[in-house]
Amino acid sequence: TSTQYSINKMKLPVKTSWHPWLHKGEVGGYTQVYEGGLTFATVRGAGHQQHFQAEDTDILLCSGPKSGTTWLKAILFAVMNRGRYASGESPLLTSGPHDLIPFMEFDLYMHNESPDLEHLPPPRIFSTHLPYASLASSIEESNCKIVYICRNPLDQLISHWHFVSKLRRANVDPLPFEQVFEYFCSGKHNFGPFWDHVLGYWKASLENPNKVLFLKYEDLKEDITFHLKRLAEFLGCPFSMEEENQGFIDEISKLCSFENLKNLDINKTGRRLDMIPNSMYFRKGEVGDWANYLTASMAERLEKLMEEKFSGSGLTF
Ligand code: A3P
């Protein structure tokens, strides 16, 4: 069953239930629901699946929620628009990253089965949290590029828990972390089990490295310069020596840094979809915050589970 709720109105469902994630051809939405209280997002993936026509010049930013989507949106926008705006005049200074690069399921297809996207100038940049298996088939068939970002599951879980907790109605009890932890371990997670989401894009990146670039949040944190170059090359617009000498890479990494974005007025006071404060997308921006929340046995259990799920894939966290 799938009941559609308007995320704008935050009309909460009376009855809660879990829905499996969308698979190709399935009509309906994927509903994320935390039992007994709840916060949710009903995602209109069906419109995207059925109607989105990818173009060869498109760029698709894919991610699980709380993996660094906001950061990568800012980076992608800055890389693709470099040289277009004078220093100090980037739209990133006055618009939230989510307003510059729309989500397929929340922004474009939420209330419109078939939005008119053809008039948008190339390269069109969209984002989605949908799993690889749920993407519109035109994406696979075209030469568009996919950039995926994932994050250490422990940090992603903590970040997600904080985010979702803030979205809860004031009159419901806080979301107990122990319960969320159990959900996560059993695969009840926004947009499907963590491991399925990551492995879907990971395998696609191995099979088609020119089409799918697989990034990790932690790697970007460790060496942003290297990854900005890698990203620009992957997108077919490498930084020239002249651009490097003019400090473009440094400028982009500073513009998109956590501290800079978090402290911009638009991200301190703005709201997304009239509902979510932009500030919610900028919490700590650190690697390893999970250690402040997970007990040793929880961490051990999750690490073991990940070893099992990712065994043989060549991917580690
Ligand atoms: P934390 O909750 O751990 O702080 P998403 O953008 O996918 O929703 O992910 C949000 C997470 O990315 C949050 O993590 C947020 O603080 C972090 N984040 C947002 N902007 C960032 C940036 N510019 N650099 C690093 N991390 C950032």
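Anything mentioned here points back to the structure above.
Predicted model, so just to flag it, every value in this text is computed and none were measured.

J.: How should I be thinking about the site of the ligand in this particular structure?
T.: Taken together, 19 residues sit near the ligand, with K66, T69, T70, S159 and K284 positioned nearest. F258 is positioned with one of its backbone polar atoms (N or O) 3.3 Å from a nitrogen atom of the ligand. For the ligand, an oxygen atom lies 2.6 Å from a polar atom in the backbone of K284. At the level of elements, α2 (69-80), α9 (217-222) and α13 (258-262) are the ones that each hand at least two residues to the shell around the ligand. With 3 residues, the single largest contributor to the shell around the ligand is α2. Residue classes in the shell around the ligand are distributed as 7 nonpolar, 7 polar and 5 charged.

J.: Teacher, can you tell me more about the sheet that holds strand β4 (residues 125-128) here?
T.: Backbone-to-backbone hydrogen bonds join strands into a sheet, with any given pair of strands oriented parallel or antiparallel. Ordered in space as β4-β3-β5-β6, the 4 strands form an open sheet in which the pairing is parallel. A strand with exactly one partner marks an edge of an open sheet, and here the two such strands are β4 and β6 (212-216). The mean inter-strand angle of the sheet, taken between neighbouring strand axes irrespective of direction, is 20°. Taken together, the 4 bridges between strand β3 (residues 59-63) and β4 define a ladder with parallel strand orientation. From the neighbouring strand, L61 faces β4, where its bridge partner is S127. Contacting β3, β4, β5 (145-150) and β6, α2 runs over the sheet at an angle of about 165° to β3.

J.: Just checking my understanding: could you explain the side chain of K73 for this structure?
T.: Note on placement: K73 falls in helix α2. Buried charge without a partner: K73 forms no salt bridge, and the closest opposite charge is D107, 5.1 Å away. Side chain to side chain, K73 and H98 meet in a polar contact 2.9 Å long. Among all residues touching K73, those that are not within four sequence positions of it are L61, P97, H98, I101, P102, F103 and S127.

Thresholds applied
- Residues numbered from 1 in each chain as written.
- Predicted model: local features only at pLDDT ≥ 70, side-chain atom pairs only at ≥ 80, totals over all residues.
- Heavy atoms only, no water.
- Near = heavy atom within 4 Å.
- Polar contact = N/O pair within 3.5 Å; in protein donor to acceptor, adjacent residues only side chain to side chain.
- Helix = DSSP H or I, 4+ residues; strand = E, 2+ residues; numbered from the N terminus.
- Nonpolar A, V, L, I, M, F, W, Y, C, P; charged D, E, K, R; others polar.
- Pairing = 2+ DSSP bridges.
- Axes fitted to C-alpha atoms, helices over the stretch in contact; angles between N-to-C directions.
- Contact = heavy atoms within 4.5 Å.
- Buried < 20%, exposed > 50% of the residue type's maximum accessible area, 1.4 Å probe, protein only.
- Lys, Arg positive; Asp, Glu negative; His and termini not counted.
- Salt bridge = Lys/Arg side-chain N within 4 Å of Asp/Glu carboxyl O.

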